[in-house]
Amino acid sequence: MLSRRSLLLTGAAAAVATFGPSLGATAALGQSLPPLKPLRPGSRLRAVNPGTWLDPGSDLEPLVRSFAAQGWQLEVPASVKRQWRYFSGTDADRLADLKAAWSDPDLDGLVYVGAGWGGARVLESGWRFPQRSLWTLGFSDTSSLLLAQYRAGLPGALHGSTVPSDDAQWARTIDLLSGRPVAPLRGLGCRSGAGVGPLVVTNLTVATHLIGTPHFPDLRGCILVLEDVGEAPYRVDRMLTQWRSAGLLKDLAGVGCGRFSWRGEVEPGDFSMAEILENRLGDLGCPLVLDLPVGHGRPNMALPLGRQARLDGRYGLLTLLN
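So, here is what we can say about the structure in this document. It should be emphasised that the depicted structure is a prediction, and the values quoted were computed from it without experimental measurement.

1. Description of the packing of helix H10 (residues 233–245) against helix H11 (residues 273–281)
Okay, so step 1: Closest axis-to-axis distance for the H10/H11 pair is 9 Å, and the angle between their directions is 10 degrees. Relative to H11, H10 is oriented roughly parallel. For the pair H10 and H11, the contacting residues are Pro233, Val236, Asp237, Leu240, Thr241 and Arg244 in the first and Met273, Ile276, Leu277, Arg280 and Leu281 in the second.
Okay, so step 2: Considering only residue class, the contact of H10 with H11 consists of 7 nonpolar, 1 polar and 3 charged.

2. A short note on the pairing of strand E1 (residues 44–48)
Okay, so step 1: For E1, the tally of buried residues reaches 5 of 5 residues, placing the bulk of the element in the interior.
Okay, so step 2: Taking every second residue as pointing to the same face, both faces of E1 are buried, with Arg44, Arg46 and Val48 on one and Leu45 and Ala47 on the other.
Okay, so step 3: As a crossover connection, the stretch from E1 through helix H4 (residues 61–68) into strand E2 (residues 73–75) is right-handed.
Okay, so step 4: Direction of pairing for E1 relative to strand E3 (residues 109–112): parallel, over a ladder of 4 bridges. Paired with Ala47 across the two strands is Val111, which belongs to E3.

3. Section: the sheet that holds E3
Okay, so step 1: Overall, mixed pairing links the 6 strands, which are arranged E2-E1-E3-E4-E5-E12 in an open sheet. Strands with a single pairing partner mark the edges of an open sheet, and in this sheet they are E2 and strand E12 (303–304).
Okay, so step 2: When E1 meets E2, the two strands line up parallel, connected through 3 bridges. Considered in E2, the bridge of Arg46 is made with Glu75.

4. Side note on the packing of aromatic side chains
Okay, so step 1: Counted by the stated rule, this structure contains 8 aromatic pairs.
Okay, so step 2: Ring centres 5.2 Å apart and planes at 75 degrees place the aromatic pair Trp127 and Phe129 in the edge-to-face group.
Okay, so step 3: The ring centre of Phe87 lies 4.4 Å from the NZ or CZ of Arg94, which sits over that ring.

5. Considering the pairing of E3
The side chains of a regular strand alternate, residue by residue, between the two faces of the sheet.
Okay, so step 1: Taking every second residue as pointing to the same face, both faces of E3 are buried, with Gly109 and Val111 on one and Leu110 and Tyr112 on the other.
Okay, so step 2: The pairing of E3 with strand E4 (residues 135–138) spans 3 bridges and is parallel. Each residue of the ladder has a partner; that of Gly109, found in E4, is Trp135.
Okay, so step 3: Note on the crossover from E3 through helix H6 (residues 119–124) to E4: the handedness is right-handed.

6. Focus on H10
Okay, so step 1: Compared with an ideal rise of 1.5 Å per residue, which puts 13 residues at 18 Å, H10 spans 18 Å between its outermost C-alpha atoms and is within 8% of the ideal.
Okay, so step 2: Taken as a whole, H10 has its buried residues at Pro233, Val236, Met239, Leu240 and Trp243. Viewed along the axis of H10, the buried residues span an arc of 125 degrees, placing them on a single side of the element. The outward face of H10, more than 90 degrees from its buried face, is lined by the exposed residues Tyr234, Arg238 and Ser245.
Okay, so step 3: Residues of H10 that are buried sit in contact with helix H9 (204–208), strand E9 (223–229), strand E10 (254–261) and H11.
Okay, so step 4: Positioned one or two residues after H10, Gly247 has a phi angle of 75 degrees, which is positive.

7. What about the sheet that holds strand E7 (residues 188–191)?
Okay, so step 1: Reading across the sheet, the 8 strands line up as E6-E14-E13-E8-E9-E10-E11-E7 and stay open at both edges, with mixed pairing between neighbours. The open sheet has two free edges, formed respectively by strand E6 (185–186) and E7, since each of these has just one partner strand.

8. Section: the environment of Lys37
Okay, so step 1: The residue Lys37 is located in the loop between helix H3 (23–29) and E1 in this model.
Okay, so step 2: Judged by its relative accessible area of 66%, Lys37 is exposed.
Okay, so step 3: In the structure, Lys37 is positioned 214 residues away from Asp251 in sequence and 31 Å away in space, judged by C-alpha atoms.

9. What about H11?
Okay, so step 1: Within H11, the full set of buried residues consists of Met273, Ile276, Leu277, Arg280 and Leu281. In a view along the axis of H11, the buried residues occupy a sector of 105 degrees, so they form one face of it.
Okay, so step 2: Where H11 is buried, its residues meet H10, E10 and strand E11 (288–290).

10. Let's talk about the pattern of salt bridges
Okay, so step 1: A full pass over the atoms with the stated rule returns 13 salt bridges.
Okay, so step 2: Measuring nitrogen to oxygen at the nearest pair gives 2.3 Å for the salt bridge that ties Arg298 to Asp167. With Arg298 in the loop between E11 and E12 and Asp167 in the loop between strand E5 (157–159) and helix H8 (168–177), the pair connects residues that are 131 residues apart, well separated along the chain.
Okay, so step 3: Judged by its relative accessible area of 49%, Arg298 is partly exposed.
Okay, so step 4: Salt bridges here are not isolated pairs; linked through shared partners, they connect Arg44, Arg46, Glu75 and Asp104.

11. Some points on the state of the cysteines
Okay, so step 1: Under the definition given, this model contains 0 disulfides.
Okay, so step 2: There is no disulfide at Cys190, and the cysteine sulfur nearest it, in Cys257, is 8.3 Å away.
Okay, so step 3: Between Cys286, a free cysteine, and Cys257, which holds the nearest cysteine sulfur, the sulfur-to-sulfur gap is 10 Å.

Rules of the game
Residues numbered from 1 in each chain as written. Predicted model: local features only at pLDDT ≥ 70, side-chain atom pairs only at ≥ 80, totals over all residues. Heavy atoms only, no water. Axes fitted to C-alpha atoms, helices over the stretch in contact; angles between N-to-C directions. Helix = DSSP H or I, 4+ residues; strand = E, 2+ residues; numbered from the N terminus. Parallel < 35°, antiparallel > 145°, perpendicular 65-115°, else oblique. Contact = heavy atoms within 4.5 Å. Nonpolar A, V, L, I, M, F, W, Y, C, P; charged D, E, K, R; others polar. Buried < 20%, exposed > 50% of the residue type's maximum accessible area, 1.4 Å probe, protein only. Right-handed = clockwise from strand over helix to strand, strands pointing away. Pairing = 2+ DSSP bridges. Phe/Tyr/Trp six-rings, centres within 6.5 Å; stacked < 30°, edge-to-face > 60°. Lys NZ or Arg CZ within 6 Å of the ring centre and 35° of its normal. Expected span 1.5 Å × (residues − 1). Arc of directions from axis to C-beta. Salt bridge = Lys/Arg side-chain N within 4 Å of Asp/Glu carboxyl O. Disulfide = S-S within 2.5 Å.

Right, dumping it as structure tokens:
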């Protein structure tokens, strides 16, 4: 059986009251920033690895070529394949890489590669975002950095795969980075009604371990989309119970669930994954949609954090509004 680390790598309320800003405060942080510009021919991006080390034989050339086909230049520094224990460098190394990239005024975006584990350690090491808008693409472990960027009120965090492909998954990522409209995502409607609010998309395990930190956002009024991999239903139950007990799931505009992939047997009388998701998320007084094409595995359709969206629990549709 694959370990959780291997699975992650395949994807290349007291605490909230203390640390979390109000919904208005989160939005206000980015109000004075210039709007995020779509990528255009000549745009420059850089690969950054804030997590687990990459195999030295990992080939990032397909990613470079895919961006080059759009007229975008992706820089791949040698540091993305550095190794220190199971990280791509010490915490200080990875923090310095992130600082250098975010501080480079000529960069239009970052691509988080590596995943595994380590993003939250960079945050804990003292990372603070410069006040600028910047495209950042990643998911899995690096959803910690995407959440923190959203929490800081900075546009540009895009939850999606960094592995290019010749299908709708990668085309959607390119369209979002280019400022083009994308089709709604369809899942299985479980609780009817419709909600509108800013999108917050994250890995459940990664986000659970940010609870009580300054990097966990206020979710009130949001459309929350969760996904995970390698976690049995009872573990997902345990994490969602923590979220409920901390008051984090109150006043949501809607909840969507992407893929919750795991390998294991369901004993007679156990909850299935779908059953535990509906049991823990179905009584929140907002629409609930399961089986959205988001998360580990394919397709992993990109979603931008902070964008206004509409979740329709009757038809199982998640639609971007702006």
